[in-house]
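Residue-level listing of the chains:
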Amino acid sequence: MSHPVAEERPAAHGDALNGLRTAIAEAPDPAAAAQRVVDLLHDRFAHYDWIGIYWVDGTDLVLGPWIGPEATEHTRIPIGTGVCGAAAESGRTEIVADVHADPRYLACFASTKSEIVVPIFDGGDVIGEIDVDGSDLGAFDEMDARFLEEVAALVAPLRPRA
Ligand code: SME
């Protein structure tokens, strides 16, 4: 799988953020907007093989919109469990270059080799996260992290109301 070279990515990221703002503004409701976000990320970035948004529900993360080759069985993850639960607990972005070398990893797909998880905040509280799986080792770097943190800020207002 080819990755955009580093110099090209700021432009691709800026362009994607503009596309996301438009898609969110034009969507009929927050759930549709959140689905458009994962769909657009999947279309634009070939190394984002599976993308899901999890929302915090009490002490769990619950899967919202997702796109990718397969559904995951991990539709509800306790905060503190897995790479997803670690990022929700700490409020820090997790970049895992080799999921099989990380004892926290909860396996979803045989094809996954690396993962990035970026918290979504409302003020100081983690209200969800963006989880991206990659089928290459080390698919994600700090540029993906900074980009997905900007995406997370766009997504925060789309949290379903209880
Ligand atoms: N791998 C994640 C679980 C979610 S699936 O990747 C969709 C984890 O370790 O928390």
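Predicted model, so just to flag it, every value in this text is computed and none were measured.

Okay, the nonpolar core next. Ranked by internal contacts, the top residues of the largest apolar core, which has 32 residues, are Leu41, Tyr48, Ile120, Ile130, Phe147, Leu148 and Val151. Looking at this core, the elements that each hand over two or more residues are helix H1 (9–26), helix H2 (30–44), strand S1 (50–57), strand S5 (114–122), strand S6 (125–134) and helix H4 (142–155). Every residue in contact with Phe147, bar those within four places of it in the chain, is listed here: His13, Ala16, Leu17, Leu41, Phe45 and Tyr48.

On to the site of the ligand, then. Lining the immediate surroundings of the ligand are 13 residues, of which Val83, Cys84, Leu106, Cys108 and Glu115 lie closest. In this structure, Asp131 approaches the ligand through a side-chain N or O atom, which is 3.4 Å from an oxygen atom. Relative to its unbound accessible area of 300 Å², the ligand is 100% covered by the protein chains. Counting residues per element, the ones that place at least two in the shell around the ligand are S1, helix H3 (82–90) and S6. A per-element tally of the shell around the ligand places H3 first, with three residues. Counted by class, the shell around the ligand contains eight nonpolar, two polar and three charged residues.

Let us now look at the sheet that holds strand S4 (residues 94–96). If you trace the six strands from one edge of the open sheet to the other, you get S3-S2-S1-S6-S5-S4, paired in antiparallel fashion. Strands with a single pairing partner mark the edges of an open sheet, and in this sheet they are strand S3 (76–78) and S4. Between one strand axis and the next, the sheet turns through 25° on average, direction left out of account. Here S1 runs beside S6; their pairing, made up of six bridges, is antiparallel. Bridge pairing in S6 places Gly52 opposite Asp131. Contacts from H3 reach S1, strand S2 (60–67), S3, S4, S5 and S6, with the element oriented near 30° to S5. Against the sheet, H4 makes contact with S1, S4, S5 and S6, and its axis sits at roughly 35° relative to S5, the strand it touches most.

This structure, assessed with the given rule, holds nine salt bridges. Taking the shortest distance from any N to any O, the salt bridge between Arg76 and Asp57 comes out at 3.1 Å. With Arg76 in strand S3 and Asp57 in strand S1, the pair connects residues that are 19 residues apart, well separated along the chain. As a salt-bridge pair, Arg146 and Glu149 come within 3.0 Å of each other at their nearest N and O atoms. Placement of both Arg146 and Glu149 in helix H4 is noted, with a separation of three residues, approximately one turn of the helix. A relative accessible area of 29% means that Glu149 is categorised as partly exposed. Each member of the salt-bridge network shares a partner with another, and the members are Arg9, Asp141 and Asp144.

Rules and cut-offs
- Residues numbered from 1 in each chain as written.
- Predicted model: local features only at pLDDT ≥ 70, side-chain atom pairs only at ≥ 80, totals over all residues.
- Heavy atoms only, no water.
- Core = buried A, V, L, I, M, F, W, Y, C linked by side-chain atoms within 4.5 Å.
- Buried < 20%, exposed > 50% of the residue type's maximum accessible area, 1.4 Å probe, protein only.
- Helix = DSSP H or I, 4+ residues; strand = E, 2+ residues; numbered from the N terminus.
- Contact = heavy atoms within 4.5 Å.
- Near = heavy atom within 4 Å.
- Polar contact = N/O pair within 3.5 Å; in protein donor to acceptor, adjacent residues only side chain to side chain.
- Areas by Shrake-Rupley, 256 points an atom, 1.4 Å probe, with all protein chains shown as cover.
- Nonpolar A, V, L, I, M, F, W, Y, C, P; charged D, E, K, R; others polar.
- Pairing = 2+ DSSP bridges.
- Axes fitted to C-alpha atoms, helices over the stretch in contact; angles between N-to-C directions.
- Salt bridge = Lys/Arg side-chain N within 4 Å of Asp/Glu carboxyl O.

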